[in-house]
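Close look at the chain arrangement
In case you want the letters, here they are:
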Amino acid sequence: MKFAERINQIPEYVPGKSIENITEKWGLKPEQIVKLASNENPLGPPKEVVEFLKLQAEKVNIYPDRIGISLLKKLSQYYSIPVENIFIGNGSSEIVDMLCRIMLNFNDNGITFEKEFALYKTCVKASNGNLIEIALEEKFKRDIEKLVDSVNEKTRIIFIANPNNPTGDFIEKEKLIEAIEKIPQDVLIVIDEAYIEYLSEEHSLIDYFKQHKRNNLVILRTFSKIYGLAGLRVGYCFASEKVIQALRKIKLPVNVPYLSQKGCEVALKCEDFKEKSKHLVLKGKKRIFKKLKENNIQYLEGKGNFYLVKDKNASGTVEKLESKGVIVRSLAPYGIKDYFRVTVGTEEQNNRFLEELIKLKEKIK
Ligand SMILES: Cc1ncc(COP(=O)(O)O)c(C=O)c1O
C-alpha cells in the first residue's frame, strides 16, 4: 500500500487513557478508577439534557436538518449573532479540519505555536499544508508578536488556542486584538476558545468579532468542556458569511447527529450547570495548589479546567499513578517530559489524585 506521502509525516493522536485501558492493564475495577486525563467535566452531563434525550430517542430514524438550523437559531439567540455567521461541527475538532481544507493549497503555510493543541498540526499536514510552529518563551509563554512576524505571502491560516491545551497559557485579549489587526485580511485567524468559559466571557473575542466584523476571524467553541457533553460531539464557530458558506460547501451531508443537536439546544439553557462547573474548577484549583505547595510540588496553574505538575520523571509518575487507578495525561507526545497534565475533578477525585501523588512525592522535584 502506497499512502500519500504526507501521511508518513503525521504522528497518530495519543488521547488520554480510557477506563477500559486501565482496568485491562492493571486488573482494577472501573469503580476504583479516577479519570483526570481528558479535561472532561467531572459533574457529568446536565440532568436536563439526559432527561430530554431519553424522550427524543425514538426520533433517531430520521435524518436531522443538514445545517442544524434549530440549534443554529438557539446559538444565534444566545450570542446575538446571525445564523449566517454560525456553523456547527462534529466537535470543534471537525471544524478545525474543515477550516484547513477550505484554506490550504499545497504547501501553503499554517501557523501555530509549539506545544499548541496537537490537532491543528495534524489537520494542517493532512490538508497538504506546511506547518510553521513558533517557538515558546519560558514556562510555555507565547509571544504573539513572534507569530505576527512569521506571517508572509504563503500564510493562509493561523491557529491559537486561548487558553491553550495542554499548557494552559492565556494571551490577553488586548494583545490578541493588536496582533489580529496587524495580520493581512486574507489570512484566516482561528481563535479556539474551548476553555474560555472557565475564565469569563469578557475574556472572549466574541464581542470584538461582533463589533468589528473582521472577515478573517473565526472563533471556535465546544459543548465538550464546561457543558459536560464531550460524547455528543458538538462544536461551533462564529465566522464571516463567506467562511460559513465555504464550510457548508464541503461539509458531509449530515455531520452532527440529531440527538446531539437536540441535547445542545437544552444545554444552552443550563446556566446553573455552567456556573456550578466553573465554581468546581476554581474552588478545586485553590485547594489543590495549596496542597501541592505544602508538599513542595511545583505546578503551572494555567487557565482552563486543568493544570500541569512538574516532575522530572513525568512519564514514570503517570504510569505509577495509573497502576493505582488514577489516570492523568503524559505530555510526551508534545515533547514535554518534565510536566504532566491533570484535569480538575470533583473534590473526592482531586483528593485521590493528591493522596497517590504525595505518596510518590520523594521521586518528584
Ligand atoms: C483547545 C481544544 N480545542 C478543541 C478541542 C476539541 O474539542 P471537541 O472536538 O470535543 O469539540 C479540544 C479538546 O480537548 C481542545 O483542548
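Please read these numbers as outputs of a predicted model, since none were measured by experiment.

1. Some words on the packing of aromatic side chains
This structure, assessed with the given rule, holds 14 aromatic pairs. Ring centres 5.1 Å apart and planes at 70° place the aromatic pair tyrosine 195 and phenylalanine 306 in the edge-to-face group. Of the two residues, tyrosine 195 is situated in the loop between β6 (188–192) and α8 (206–212) and phenylalanine 306 in strand β10 (residues 306–310); the sequence distance between them amounts to 111 residues. The residues tyrosine 195 and phenylalanine 306 share a single accessibility class, namely buried. An aromatic cluster of at least three residues, connected via ring pairs, comprises Tyr78, Tyr79, Phe223, Tyr227, Tyr236 and Phe238. The residue whose ring lies beneath arginine 341 is phenylalanine 306, and the NZ or CZ to ring-centre distance is 5.7 Å.

2. Some thoughts on the sheet that holds strand β7 (residues 217–222)
Read across the open sheet, the seven strands follow the order β2-β8-β7-β6-β5-β3-β4; overall the sheet is mixed. Each of the sheet's edge strands pairs with one partner strand only, and the pair in question is β2 (86–90) and β4 (130–134). Pairs of neighbouring strands in the sheet enclose a mean axial angle of 20°, with direction left out of account. Taken strand by strand, helix α9 (residues 241–250) contacts β2, β6, β7 and β8 (234–238), and its axis lies near 35° from that of β2.

3. Describing the domain arrangement of the chain
Partitioning the chain into domains gives domain 1 (5–44 + 271–363) and domain 2 (47–267). In this structure, domain 1 and domain 2 have C-alpha centres spaced 25 Å apart. Taken together, the contacts link 29 residues of domain 1 with 27 residues of domain 2. Between domain 1 and domain 2 the total buried area reaches about 2500 Å² when both faces are included, carbon and sulfur atoms providing 63% of it. Three residues stand out in domain 1 for area buried against domain 2, namely Lys274, Lys303 and Tyr334, and they jointly supply 25% of the buried area on that side. Scanning the region where domain 1 abuts domain 2 turns up 12 residue pairs in polar contact (both at pLDDT 80 or more). Contributions of two or more residues to the side of domain 1 that touches domain 2 are made by α11 (271–294), β10 and β13 (339–343). At seven residues, the largest contribution of residues to the side of domain 1 that touches domain 2 is made by α11.

4. Structural notes on the site of the ligand
Neighbouring the ligand are Gly91, Ser92, Ser93, Phe117, Asn165, Asp192, Ala194, Tyr195, Thr222, Ser224, Lys225 and Arg233. Contact between the ligand and serine 224: an oxygen atom at 2.6 Å from a side-chain N or O atom of the residue. Judged by the proximity of its atoms to the pocket grid, the ligand belongs to the largest pocket. A total of three residues in the shell around the ligand trace back to one element, the largest contributor, which is helix α4 (residues 91–103). Here the residues of the shell around the ligand sort into three nonpolar, six polar and three charged.

5. Quick word on empty space enclosed by the protein
Evaluated as defined, the whole model comprises one cavity of 30 Å³ or more. For the largest cavity, the calculated volume is near 30 Å³. Surrounding the largest cavity, Ile67, Leu72, Ile86, Phe87, Ile88, Arg248 and Lys251 form its lining. Per element, the largest residue contribution to the lining of the largest cavity is three residues, and it comes from β2.

6. Considerations on the environment of isoleucine 33
Mapped onto the elements of the fold, isoleucine 33 is located in the loop between α1 (19–26) and β1 (34–35). Take isoleucine 33: its relative accessible area is 10%, and that puts it in the buried class. In this structure, the C-alpha to C-alpha distance between isoleucine 33 and valine 50, residues 17 residues apart in sequence, is 23 Å. Apart from the residues lying within four places of it in its own chain, the contact partners of isoleucine 33 are Ile19, Ile22, Thr23, Leu28, Gly325 and Ile327.

7. A word on the nonpolar core
Ranked by size, the top nonpolar core spans 107 residues in total, and within it Phe223, Phe340 and Phe353 carry the most contacts. If one sorts the elements of this core by residue count, α4 sits on top with six residues. Filtering out sequence-adjacent residues up to four positions away, phenylalanine 223 remains in contact with Leu75, Gly228, Leu229, Ala230, Val234, Tyr236, Cys264, Ala267 and Leu268. Core analysis: the second largest hydrophobic core is formed by five residues, Ile22, Leu28, Ile33 and Ala37 among them.

8. A look at the pattern of salt bridges
Using the criterion set out here, one finds 21 salt bridges in the structure. Note that arginine 142 and glutamate 116 form a salt bridge whose closest N and O atoms lie 2.7 Å from each other. Pair noted here: arginine 142 is in the loop between β4 and α6 (144–149) and glutamate 116 is in the loop between β3 (109–113) and α5 (118–126), with a separation of 26 residues, a long-range link. Residue arginine 142 shares its accessibility class with glutamate 116, and that shared class is buried. The salt bridge partner of lysine 121 is glutamate 133, with a shortest N-O separation of 2.7 Å. Of this pair, lysine 121 sits in helix α5 while glutamate 133 sits in strand β4, placing them 12 residues apart in sequence. Owing to a relative accessible area of 39%, glutamate 133 belongs among the partly exposed residues under this scheme. Within this structure, Glu116, Lys141, Arg142 and Asp169 form a network of salt bridges that share partners.

9. Some remarks on the sheet that holds β13
Note: strands within a sheet are paired through backbone hydrogen bonds, in either parallel or antiparallel orientation. Judged by pairing direction, the sheet is antiparallel, and its four strands sit side by side in the order β9-β10-β13-β12 without closing on themselves. Either end of the sheet is taken by a strand with one partner, and the two such strands are β9 (299–300) and β12 (329–330). The pairing of β10 with β13 spans five bridges and is classified as antiparallel. Note on β13: the bridge partner recorded for phenylalanine 306 is threonine 343. Where α11 meets the sheet, its contacts fall on β9 and β10, and the angle it forms with β10 comes to roughly 5°. Against the sheet, helix α13 (residues 347–360) makes contact with β10 and β13, and its axis sits at roughly 155° relative to β13, the strand it touches most.

The rules behind each value
Residues numbered from 1 in each chain as written. Predicted model: local features only at pLDDT ≥ 70, side-chain atom pairs only at ≥ 80, totals over all residues. Heavy atoms only, no water. Phe/Tyr/Trp six-rings, centres within 6.5 Å; stacked < 30°, edge-to-face > 60°. Helix = DSSP H or I, 4+ residues; strand = E, 2+ residues; numbered from the N terminus. Buried < 20%, exposed > 50% of the residue type's maximum accessible area, 1.4 Å probe, protein only. Lys NZ or Arg CZ within 6 Å of the ring centre and 35° of its normal. Pairing = 2+ DSSP bridges. Axes fitted to C-alpha atoms, helices over the stretch in contact; angles between N-to-C directions. Contact = heavy atoms within 4.5 Å. Domains from an automatic or database assignment. Buried area = accessible area lost by both parts, 1.4 Å probe. Polar contact = N/O pair within 3.5 Å; in protein donor to acceptor, adjacent residues only side chain to side chain. Near = heavy atom within 4 Å. 1 Å grid on protein atoms, 1.4 Å probe; cavity = no way out; pocket = protein on both sides within 12 Å on 5 of 7 lines; lining within 4 Å. Sits in = over half its atoms within 2 Å of the grid points. Nonpolar A, V, L, I, M, F, W, Y, C, P; charged D, E, K, R; others polar. Points joined across faces, edges and corners; volume = space filled by probe spheres on them. Core = buried A, V, L, I, M, F, W, Y, C linked by side-chain atoms within 4.5 Å. Salt bridge = Lys/Arg side-chain N within 4 Å of Asp/Glu carboxyl O.

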